[in-house]
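Listed below, chain by chain, are the residues.
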Amino acid sequence: MWKCQIFLRLGGKNAVARVAVQAAVYSLSYCYGAFYTIVLFRQLVNAIQARASFESVLGLLAVFCAMGVANTLLKGWYEHRFVPRSDCALEQALAASVYQKAASADLACFEDSDYYDRMGRAAATARESALAALDAMSDLLATACILVANALYVVWVDGTLLPLIALPAALALHWQRKKGAQEGRMEEACEPYRRRTAYARRVLLLKEYAQEIRLTGAGKIAAARFREGCAGLMRVARERGWRIALYEIGAEFLLRVVLYAGLYGYAAWRYLACAAFTLGDFAAISGAINNVIWFVEKSGEHIATLRKQAHAAGQLDAFMREEIRVRGGSEPCAFQNEIALKDIRFSYPGAKRAALTGVSLTLHRGESIALVGENGAGKTTLVKLLLRLYDPEAGEILLDGRPYRAYQLDSLRAQFAVAFQDSRLYPFSVSENVRAGRVESEEAVREALNRAGLVGLAPSRAVTREFDADGWNPSGGQAQRLFAARVFASGAPIAILDEPSAMLDPLAEEALFAALREGSRGRTTIFISHRLTSVKWVDRVVMMQNGAIVEQGTHEELLARGGAYARLFFAQAERYRKEGAPHET
């Protein structure tokens, strides 16, 4: 249960305030109930039995009414003013911590299904688990205080009631704790199946998959995966549910049968057979016994909740402690002269073959370079190492003579403006898609859109119709132009464009590359391309095969050598001659 303290740590002062205020509000509410069942009821019964005047209990009734009004007002403020604001503040604090951790995690983590499970549990359960745990903590504090007070009153009246209360209550609380532990393990076992059903649900419902689902059998496969996930959830429920049921039944039996029958039976015997106390005292003891049993039951529920949420807290804590291998240094970065890769080797996690082997390459300030080669040659992997999304297994990368690891990570990555082939459009405004959080000037956005060929596109217009019925749904070619506009708008000294013209027709491609040539003056520009005719103008072409650099030089130099680049170039030219040039999509 102590693992739940992570919710207090991540929630900060809002979480502490939530526990303190709720404990205070619930304590006052429970005091109001205890005053009614013990003090007021005892005095009323004794007054009735003694045929006392109404005036003798009028003051007590006034106190009771005043407490009721105060309790109602306090609970109304708490439930309708404090809780909504507290929930929002806690959600913001927890989400910020989880998202910040996910954003700083190594890219390799996202290729690990176990990491996805841990991240999914942390993101999906952080808010619900934190609120459940914090509410249980605060109510347990309030319940424990009032439980002790009621138990002391019962024991003060008759000490023999102490073992009758303590033994069954302790065993019931222990079983409730066991029940909570089983519920936590059940939640953990269900998570992989929930993730599968959630993914299948997205495939079946989201727009991105709608076209293929209607034209292929992918929808049937997704539906089958959904059924498999549901079957897994039911299997977990069958295998683990009976243990939870046994602990629940045992605790309920102790509380509802043993405690009620034992305590009420003993109190009735003491009153009827021994005449040990008055009828008012018996009424007060009965109320206190009822309070004790109810508070023991509530305490058991809260202990079970905390035990259950301890699993979620442990998973969240493990996720937050996940080791980050790609760590930045302390030096700020400002690219001046060159980046040198020296004998780089790199393999993706779990891969049998190295993605890069023995790669050595120097990139100079203001130089334009094209990385070319067939699929799987290592072009994109090389760029990801340049961006320090991964670190090489062997070799080193130097920027202006200093190791990459010496520079602050954000500062290093800010030297690059990147447009990947699989870059994403966001359902934000055109301006926000271009700025991507790094460009402040709206004038720079307009200029970038014009240079990318998106003349007349309003920066304020929404991209996609997910949140705006009048949003702009770009074609594949238009999306590539928007990605290019991100690079144009950025003032970063190094630009990287991954297949920037793959979906453009020849005229649009030529216009875009003319703009790129103009925009890359004074910038180091790296192109990744399969279409070799589009990179003839660069200063240097780097030909890659099987994770290694096999040739480099100008377009003319490589053609003259007649090597791998020349063979690929002429093969492509012949194919385009037979098939015709691609059109913009």
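The preceding data block contains the structure.
Basis of the calculations
- In every chain, residue numbers begin from 1 and rise along the written sequence.
- In keeping with the predicted nature of the model, local features appear solely for residues at pLDDT of at least 70, side-chain atom pairs appear and are counted solely at 80 or more, and the whole-chain, interface and lining totals rest on all residues.
- Excluding hydrogens and water, the side-chain values take into account all heavy atoms of the structure.
- Only rings of Phe, Tyr and Trp enter the pairing, Trp through its six-membered ring, and a pair is recorded when the two centres are within 6.5 Å. The plane angle decides the type: under 30 degrees is stacked, over 60 is edge-to-face, the rest tilted.
- The buried label goes to any residue with under 20% of its type's maximum accessible area, the exposed label to any with over 50%, and the partly exposed label to all in between, with areas taken from a 1.4 Å probe on protein chains only.
- Strands here are runs of E lasting at least two residues and helices are runs of H or I lasting at least four, both read from the DSSP assignment and numbered beginning at the N terminus.
- Strands qualify as paired when DSSP identifies two bridges or more between them.
- Every angle, taken between N-to-C directions, lies between 0 and 180 degrees, and every axis is a line fitted to C-alpha atoms, over only the stretch in contact when it is a helix.
- Working rule for contacts: check all heavy atoms of both residues, and any pair within 4.5 Å makes them a contact.

Draft legend 1. View of the packing of aromatic side chains. Throughout the structure, instances matching the rule amount to 11 aromatic pairs. Relative to Y348, the ring of F346 lies with its centre 5.0 Å away and its plane at 80°, an arrangement referred to as edge-to-face. Classification of F346 by relative accessible area gives buried; the value is 4%. An angle of 20° between the planes, with centres 6.3 Å apart, marks the rings of Y565 and F569 as stacked. Here Y565 and its partner F569 are both found in helix α15 (residues 564-579), 4 residues apart, which amounts to about one turn of the helix. Each member of the pair, Y565 as well as F569, carries the same accessibility label: buried. Members of the aromatic cluster, connected to one another through ring pairs, are Y26, Y30, W77, Y78 and F82.

Draft legend 2. Spatial organisation of unusual backbone geometry. Of note in this structure, D343 is not a glycine but carries a positive phi near 50°. Look at D343 and you get exposed, because its relative accessible area is 51%. At T464, a position not held by glycine, the phi torsion is positive, near 70°. Within the fold, T464 resides in the loop between α11 (442-451) and α12 (476-489). On the accessibility criterion, T464 (15% relative accessible area) is buried.

Draft legend 3. Representation of the sheet that holds strand β7 (residues 494-498). Across the sheet, which stays open at both edges, the 6 strands sit in the order β6-β7-β8-β3-β9-β10 with mixed pairing between neighbours. Either end of the sheet is taken by a strand with one partner, and the two such strands are β6 (416-419) and β10 (548-553). The mean angle between the axes of side-by-side strands here comes to 15°, regardless of whether they run parallel or antiparallel. In terms of strand pairing, β6 meets β7 through 4 bridges, oriented parallel. When the bridges of β7 are listed, A417 appears paired with A495. The strands touched by α12 within the sheet are β6 and β7, with β6 carrying the most contacts at an inclination of about 175°.

Draft legend 4. Summary view of the pairing of strand β4 (residues 394-399). Of the pairings in the sheet, the one linking strand β1 (residues 338-346) to β4 comprises 5 bridges and is antiparallel in character. Bridging across to β4, A340 finds its partner in L398. Pairing of β4 with strand β5 (residues 402-403), which is carried by 2 bridges, proceeds in the antiparallel orientation. When the sheet's bridge partners are listed, L398 is paired in β5 with P403. Linking two consecutive strands that pair antiparallel, namely β4 and β5, is a turn of 2 residues; a positive phi of about 50° is found at D400 within it.

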